[in-house]
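Summary of structural features
This is what each chain is made of:
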Amino acid sequence: MQPPTDYRVRINGRLWNVRFRPARHMGEDWGRCWDKHKPGRHPLIEIRAALARRPSRLLEVIVHECLHAARPELDEASVDATAASIAVAIRKAGFTRGR
């Protein structure tokens, strides 16, 4: 399965780059949120490309990293719990990749 295409998204008025990366680039991380990775550049969200094979997990990781971008003051436990709940709500509403 092909990884999703990189894209940009506006979160809290800032334009973020979302990039899908190979596992060798990601180490043990499923996703990363870089607010200040390079001065003058758009902030960056990186997602492990192999998650394309696991759409439910991909959804949760994207929501998780977007929450970090939107609410950087939240601790990891709060982001984890909120992302999981939002991902379940989206799946129950019938949204799936490709629809």
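Provided above is the structure to which this section pertains.
These lines cover the structure that appears in this document, whether it is placed above or below. (Residues numbered from 1 in each chain as written. Predicted model: local features only at pLDDT ≥ 70, side-chain atom pairs only at ≥ 80, totals over all residues. Heavy atoms only, no water.)

1. Describing the packing of aromatic side chains
Taken as a whole and assessed by the stated rule, the structure comprises one aromatic pair. Geometrically, the ring pair formed by Tyr 7 and Phe 20 is tilted, given 6.2 Å between the ring centres and 45 degrees between the ring planes. Here Tyr 7, found in strand E1 (residues 7-11), pairs with Phe 20, found in strand E2 (residues 14-21); they are 13 residues apart in sequence, far enough to count as distant. Among the residues examined, Tyr 7 registers a relative accessible area of 32% and is labelled partly exposed. Take Phe 20: its relative accessible area is 10%, and that puts it in the buried class. One residue, Arg 48, lies across the ring of Trp 30, its end atom 5.1 Å from the ring centre. (Phe/Tyr/Trp six-rings, centres within 6.5 Å; stacked < 30°, edge-to-face > 60°. Helix = DSSP H or I, 4+ residues; strand = E, 2+ residues; numbered from the N terminus. Buried < 20%, exposed > 50% of the residue type's maximum accessible area, 1.4 Å probe, protein only. Lys NZ or Arg CZ within 6 Å of the ring centre and 35° of its normal.)

2. Let's talk about the pairing of E1
When E1 meets E2, the two strands line up antiparallel, connected through five bridges. When the sheet's bridge partners are listed, Val 9 is paired in E2 with Trp 16. Connecting the antiparallel pair E1 and E2 is a turn made up of two residues, with Asn 12 showing a positive phi of about 50 degrees. (Pairing = 2+ DSSP bridges.)

3. Some points on the nonpolar core
Among the nonpolar cores identified, the biggest contains 11 residues, and these are Ile 11, Trp 16, Val 18, Phe 20, Ile 45, Ile 47, Ala 49, Leu 51, Leu 58, Val 61 and Ala 69. For this core, the elements supplying multiple residues, two or more each, are E2, strand E4 (44-48) and helix H2 (55-70). Among residues more than four places away in sequence, those in contact with Val 18 are Asp 6, Tyr 7, Val 9, Ile 45 and Ile 47. (Core = buried A, V, L, I, M, F, W, Y, C linked by side-chain atoms within 4.5 Å. Contact = heavy atoms within 4.5 Å.)

Keep in mind that these numbers describe shape and distance, not what the molecule does.
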